[in-house]
Amino acid sequence: QSVLTQPPSVSAAPGQKVTISCSGSSSNIGNNYVSWYQQLPGTAPKLLIYENNKRPSGIPDRFSGSKSGTSATLGITGLQTGDEADYYCGTWDSSLSAGAVFGGGTKLTVL
Amino acid sequence: QLQLQESGPGLVKPSETLSLTCTVSGGSISSSSYYWGWIRQPPGKGLEWIGSIYYSGSTYYNPSLKSRVTISVDTSKNQFSLKLSSVTAADTAVYYCARVSTYYDFWSGYYSKDAFDIWGQGTMVTVSS
């Protein structure tokens, strides 16, 4: 059972837009920045979004992030077959552990 | 550019200690702007944070693993390491090391942990007799 809640799967056609939600609580998403990671099959996760809505160098602007209260959303526009991957949200928890928490991951299928 | 590489045994016997090392190249592990962390992923499952360390040696552990985990840093070798004791089959996973970026939190006046911005390729560790 992951601390952050994501839908197990989403799907859309090439060229379309998709959003992936991530729900948490006031001790994690509510008071910390959210990041998003893309994990292509058989590879390590890669940072897509940090500080809720910022993109690292090299990440196309088709990827966007937002946060409201205790939830965050990853948006992907102009879907490509190469976007098929698992997507994870992550943040930090303000409890005593001060540790990182992740969502269970969302499998994106580009039909 | 900065790279991280995990190394260690791919097979560990039950009840023994899993030991992994992450070697940082292309940059210094002693940078005050970053923490360093370990994350694992059991086959077919999601990501689980194990713990993080600062170059000074300050550590933060996942409460569910804290009694079995030790993370240490060797700045002279530009490496940090993970030890997980009393392993069982449930510890079978791909283990990743990663760099943790930070940001200045104006409210607290401290630098806070941000995102896992650079990851190693991961190493599969199987616990089996």
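Rules behind the numbers
Residues numbered from 1 in each chain as written. Chains lettered and ligands numbered in written order. Predicted model: local features only at pLDDT ≥ 70, side-chain atom pairs only at ≥ 80, totals over all residues. Heavy atoms only, no water. Disulfide = S-S within 2.5 Å. Helix = DSSP H or I, 4+ residues; strand = E, 2+ residues; numbered from the N terminus. Buried < 20%, exposed > 50% of the residue type's maximum accessible area, 1.4 Å probe, protein only.

Which residues make up the state of the cysteines, and what values do they have?
Under the criterion given, the structure shown has two disulfides over all chains. Disulfide pairing is shown between A:C22 and A:C89; the S-S distance is 2.0 Å. Given an S-S torsion of about 75°, the disulfide between A:C22 and A:C89 has right-handed geometry. You can see A:C22 sitting in strand β2 (residues 18-23) and its partner A:C89 sitting in strand β7 (residues 85-92), a full 67 residues away along the chain. Of the two residues, A:C22 and A:C89, both sit in the buried class. Covalently, B:C22 is tied to B:C97 through a disulfide, its sulfur atoms 2.1 Å apart. The chirality of the disulfide connecting B:C22 with B:C97 is right-handed, given an S-S dihedral of about 60°. Here B:C97 lies in strand β9 (residues 93-105) and B:C22 lies in strand β3 (residues 18-25), a separation of 75 residues in the sequence.

Shape descriptors only; they carry no functional weight alone.
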